[in-house]
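Summary of structural features
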Amino acid sequence: MALVDRGAQHGGLRHLPSVDRLLGGEAAVGWLAVYPRALVVEEIRAAVEQMRRAIAAGERENGHPPQTAALEAEIAAEVSRRLERQSRASLRRVINATGVILHTNLGRAPLSSNALEAIAATAGGYTNLEYDLEAGRRGKRDVHASAVLEKLLGAPAVVVNNNAAAIFLVLNELGAGGEVIVSRGELIEIGDGFRIPDILGKSGSRLHEVGTTNRTRIEDYRAAIGEETRLLLRVHPSNFRIVGFTARPSLEELVALARETGLPLVEDLGSGCLYDFRSLGLADEPPVTASLAAGVDVVTFSGDKLLGGPQAGLIAGREDLIGRVRRNPLFRALRADKLAYAALEATLRDYVLERWDQIPVLRMARQTAEEIRGRAERFAEALGSDFPAQVELIAGESVLGGGSTPGQGLPTTLLAIAPAGEMTVGQIEEGLRRGDPAVVARVEDERLLLDLRTVLAGTEEEQLRLALRAALRAQRAGAGAGGAAAR
Ligand SMILES: *Cc1c(COP(=O)(O)O)cnc(C)c1O
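Given the structure is predicted, the values throughout are model-derived calculations rather than measurements.

Thresholds applied
- Residues numbered from 1 in each chain as written.
- Predicted model: local features only at pLDDT ≥ 70, side-chain atom pairs only at ≥ 80, totals over all residues.
- Heavy atoms only, no water.
- Helix = DSSP H or I, 4+ residues; strand = E, 2+ residues; numbered from the N terminus.
- Buried < 20%, exposed > 50% of the residue type's maximum accessible area, 1.4 Å probe, protein only.
- Areas by Shrake-Rupley, 256 points an atom, 1.4 Å probe, with all protein chains shown as cover.
- Lys, Arg positive; Asp, Glu negative; His and termini not counted.
- Charge placed at Lys NZ, Arg CZ, Asp CG, Glu CD.
- Axes fitted to C-alpha atoms, helices over the stretch in contact; angles between N-to-C directions.
- Parallel < 35°, antiparallel > 145°, perpendicular 65-115°, else oblique.
- Left-handed = near helix turned anticlockwise from the far one by under 90°.
- Contact = heavy atoms within 4.5 Å.
- Nonpolar A, V, L, I, M, F, W, Y, C, P; charged D, E, K, R; others polar.
- Core = buried A, V, L, I, M, F, W, Y, C linked by side-chain atoms within 4.5 Å.
- Pairing = 2+ DSSP bridges.
- Phe/Tyr/Trp six-rings, centres within 6.5 Å; stacked < 30°, edge-to-face > 60°.
- Polar contact = N/O pair within 3.5 Å; in protein donor to acceptor, adjacent residues only side chain to side chain.
- Right-handed = clockwise from strand over helix to strand, strands pointing away.

**Brief notes about the overall build of the protein chain**
- Secondary structure summary: the protein chain contains 19 helices and 16 strands in total.
- The dimensions of the protein chain, computed from C-alpha atoms along their principal axes, are 90 × 55 × 50 Å.
- The proportion of buried residues among the 487 residues of the protein chain is 46%.
- Surface accessibility of the protein chain: about 24,000 Å² in total, with carbon and sulfur atoms responsible for 50%.
- Across the protein chain, the centroid of the 58 positively charged side chains sits 4 Å from that of the 64 negatively charged ones.

**Describing the packing of helix α7 (residues 143-153) against helix α15 (residues 338-352)**
- Interaxial distance between α7 and α15 falls to 9 Å at its minimum, and their mutual angle equals 25°. Put simply, α7 runs roughly parallel to α15. Our pair here, α7 against α15, has a crossing hand that is left-handed. Contact residues: α7 offers His144, Ala145, Val148, Leu149, Lys151 and Leu152, while α15 offers Tyr341, Leu344, Glu345, Leu348, Arg349, Tyr351 and Val352.
- Across the contact of α7 with α15, the residue classes break down as nine nonpolar, one polar and three charged.

**A look at the nonpolar core**
- Judged by nonpolar contacts, the single largest core of 54 residues is most densely connected at Leu153 and Phe277.
- Not counting the four nearest positions on each side in its chain, leucine 153 is found in contact with Leu274, Val288, Thr289, Leu292, Phe301 and Ala316.
- Core analysis: the next-biggest nonpolar cluster, separate from the first, contains 28 residues, Ile167, Ile196, Leu200 and Phe331 among them.

**Re the sheet that holds strand β9 (residues 265-270)**
- Overall, mixed pairing links the seven strands, which are arranged β5-β11-β10-β9-β8-β6-β7 in an open sheet. Two strands close off the open sheet at either side, each with one partner strand: β5 (157-160) and β7 (206-210). On average, adjacent strands in this sheet sit at an angle of 25° to one another, irrespective of strand direction.
- Across three bridges, strand β6 (residues 179-183) lies against strand β8 (residues 229-235) in parallel orientation. What sits directly across from glutamate 179, in β8, is threonine 229.

**Some thoughts on the packing of aromatic side chains**
- Across all of its chains, the model carries three aromatic pairs by this definition.
- Centroid distance tyrosine 275 to tryptophan 356: 5.0 Å. Interplanar angle 70°. Geometry classified as edge-to-face. Placement of tyrosine 275 in the loop between β9 and α12 (288-294) and of tryptophan 356 in the loop between α15 and α16 (360-366) is noted, with a sequence separation of 81 residues between them.
- Relative accessible area serves as the criterion here: at 9%, tyrosine 275 is assigned to the buried category.
- For the pair tyrosine 351 and tryptophan 356, a centre-to-centre distance of 5.9 Å together with 70° between the ring planes defines the contact as edge-to-face.
- The buried category is assigned to tyrosine 351, whose relative accessible area is 3%.
- Members of the aromatic cluster, joined through ring pairs, are Tyr275, Phe277, Tyr351 and Trp356.

**Structural notes on the sheet that holds strand β16 (residues 447-451)**
- Within the open sheet, the five strands sit side by side as β2-β12-β13-β16-β15. Their pairing is mixed. Two strands in the sheet have a free side with no partner beyond their single neighbour: β2 (100-102) and β15 (442-444). The mean angle between the axes of side-by-side strands here comes to 35°, regardless of whether they run parallel or antiparallel.
- Inspection of the sheet shows β2 paired to strand β12 (residues 389-401) by two bridges, in the parallel sense. The partner of valine 100 across the bridge, within β12, is valine 399.

**As for the environment of phenylalanine 245**
- Mapped onto the elements, phenylalanine 245 comes out in the loop between β8 and α11 (251-261).
- On the basis of relative accessible area, phenylalanine 245 is assigned to the exposed category, the value being 60%.
- In this view, phenylalanine 245 contacts Asn214 and Arg215; residues no more than four positions away in its chain are not counted.

**With respect to the side chain of glutamate 186**
- Among the structural elements, glutamate 186 can be located in the loop between β6 and α9 (196-202).
- Under the relative-accessibility criterion, glutamate 186 is labelled buried at 2%.
- Within polar-contact distance, the side chain of glutamate 186 engages the side chain of arginine 248 at 2.8 Å.

**Topic: the pairing of β9**
- Counting buried residues along β9, six of its six residues qualify, which places the element largely inside the surrounding structure.
- A two-sided burial pattern is seen for β9, the buried positions comprising Leu265, Glu267 and Leu269 on one face and Val266, Asp268 and Gly270 on the other.
- One ladder, built from four bridges, connects β8 with β9; its direction is parallel. Looking at the pairing, arginine 234 lines up with glutamate 267 of β9.
- The pairing of β9 with strand β10 (residues 298-302) spans four bridges and is classified as parallel. Residue pairing for β10: aspartate 268 is matched across the bridge by threonine 300.
- For the crossover from β9 across α12 to β10, the handedness is right-handed.

Right under this line is the structure:
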């Protein structure tokens, strides 16, 4: 038995075409017209090697040793696939049909058209990023966003790479060498291993935990204050909620204690919204201005969560403290890039002008249940009567996501798609996910659920319809061929 197999394998290997043979073949003419020769040679080598291994491992049919021509065609197809992959971007556009507005895995906030225009208008050329055009001398990149931020917040502000960097920088400047007091109920992990206690340790400050997981009182903070205390830290528990027997001092109590002891009160707001989401019935996301007005000394928040802008970390508050943060050498290491400044300034300008619906995150969140229902009805209708699956409109919930307002949703209408015939919902989901553009959707109870709240009205809806048809067609073709999809 073993001898027979080995013989068959050797037979297969003997028929393996050489790299040179493939390079001189017909297919190579097309490859070389598009791709550099070195890349073509590299991919041919890799494809031949892949085939050699498959034969040696007995993964291929060896009963009737394949002929060189057949093997060659197969390897050529693999070379074509590999070359195409080289020109296909890894970071691609995805249609988010999950209804999670700030999907961390899908890049959080989509940018507004004004933000995109600002990037397009500046990034391809030179800019006055650090040049004062009025005075004709070196300027600072901060000025581009800080003016509009100060207008919105009524306090000085600076921008860094993201909110994690913002917290790190603030703790390093204000807490290094001493203790930072935090409630045990706020020692959170944001996701991807970002934990408040770890960032605190790396910042050079020491954590002084107070209270318990579910209850912390203002007296706990007071009792913990000593010689070594540098600041009081409050962290917005953005991605979870502790319910039941709980207590947390009010912001006013903490501000009063900070004033009394002369310690700065720093608040990590997480999402930090500049729009009042409470008007949409979402109670857990207080506006940044509310914290500053209450007397918090320094707030930090993200640019690409509810604010709806680019990845950035914003630090705002008391002038002397923001000045110190700005002068910390780590500010340079954590600075935001020019694309972020361009997009952030444009996004913030829409806030100043109250053009809420210009900002995709706000537009999606503000869309009413009736509007979404209307879109879903029109979408279902446009799928046509020959659409090869069962479509039903059902009530559901969209969420803000991105670690905000846990447990609170926005009413929506979902398109529930049940496959007909032999297809499984998993196959449709996979087809959509691996398509171009890729579509990410929810699956529940053997149905595919699409929430149009997070699908951009217009172009993306049309693309989604085409993608659905393609996914259903592909599965039928796959089923017809005995499900013989090779890879
Ligand atoms: C999201 C979040 C962070 C991290 O912000 P990034 O901008 O992702 O770095 C920190 N703290 C809280 C409370 C958050 O919700």
